[in-house]
Amino acid sequence: MRPTLARQSDMPGPKNLWWGDKSGVRQRGIIQYSISPYQVKAAPHLIRNYLFNGYRRLSGELLFFAIPFALGYGVYAWAKKTDHYQNSKAGHIAAMEHGGEHH
């Protein structure tokens, strides 16, 4: 079986160029962007500014995530303690005294 022409060919275009090669004919409609020298040091004091401004911003949001987290953790701790008691020997004896089934 013989390979097809598409299988034997390389990338489209001139055979000595590759994608992104600029040594060929200059193409129209291609725009190049570069960063301004004034923006090269856009955030030189990023960490120092975050320590003060970030603390101020996070402390304003503290109630919105600390209260639900504390409530959820309280429910979790209560459920874990209750489950531990119900699966203990004392919990089984207490359940049998109240007419519950032993499992």
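If you're wondering where the values come from, they're calculated on a predicted model, not measured in any experiment.

Draft legend 1. The arrangement of the overall build of the protein chain in detail. The helix and strand tally for the protein chain stands at 4 helices and 0 strands. Along the protein chain, helices (α) and strands (β) appear in the sequence α-α-α-α when read from the amino end. Split into buried and exposed, the 103 residues of the protein chain put 4% on the buried side. By element, 63% of the accessible surface of the protein chain is carried by carbon and sulfur atoms, the whole surface being about 10900 Å².

Draft legend 2. Up close: the packing of aromatic side chains. For the coordinates displayed, the defined rule picks out 1 aromatic pair. Centroid distance Y73 to Y76: 6.2 Å. Interplanar angle 40 degrees. Geometry classified as tilted. Of this pair, Y73 and Y76 both sit in helix α3 (residues 62-86), 3 residues apart, which is roughly one turn of that helix.

Draft legend 3. Spatial organisation of a nonpolar patch on the surface. Together, L46, I47, Y50, L51, F52 and L58 line one region of the surface with nonpolar side chains, adding up to about 730 Å² of accessible area. Relative to the helices and strands, L46 is located in helix α2 (residues 46-60). Looking at L46, the relative accessible area reads 56%, which means it is exposed.

Draft legend 4. Just the confidence of the model for the protein chain, in detail. Model confidence for the protein chain is summarised by a mean pLDDT of 79, while 67% of its residues fall at 70 or above. Element-level pLDDT for the protein chain is lowest in helix α1 (residues 5-8), with a mean of 55, against a maximum mean of 95 in α3.

Draft legend 5. Here's a closer look at the packing of α2 against α3. At a minimum axis separation of 5 Å, α2 and α3 run at an interaxial angle of 55 degrees. For the element pair α2 / α3, the angle class is oblique. Contacts from L58, S59 and G60 of α2 reach α3 at L62, F64 and F65. Class assignment for the residues of the contact of α2 with α3 results in 4 nonpolar, 2 polar and no charged.

What counts and how
Residues numbered from 1 in each chain as written. Predicted model: local features only at pLDDT ≥ 70, side-chain atom pairs only at ≥ 80, totals over all residues. Heavy atoms only, no water. Helix = DSSP H or I, 4+ residues; strand = E, 2+ residues; numbered from the N terminus. Buried < 20%, exposed > 50% of the residue type's maximum accessible area, 1.4 Å probe, protein only. Areas by Shrake-Rupley, 256 points an atom, 1.4 Å probe, with all protein chains shown as cover. Phe/Tyr/Trp six-rings, centres within 6.5 Å; stacked < 30°, edge-to-face > 60°. Patch = residues over 30% accessible without salt bridge, like charges linked within 9 Å, V, L, I, M, F, W, Y side chains within 5 Å. Salt bridge = Lys/Arg side-chain N within 4 Å of Asp/Glu carboxyl O. pLDDT = per-residue confidence, 0-100. Axes fitted to C-alpha atoms, helices over the stretch in contact; angles between N-to-C directions. Parallel < 35°, antiparallel > 145°, perpendicular 65-115°, else oblique. Contact = heavy atoms within 4.5 Å. Nonpolar A, V, L, I, M, F, W, Y, C, P; charged D, E, K, R; others polar.

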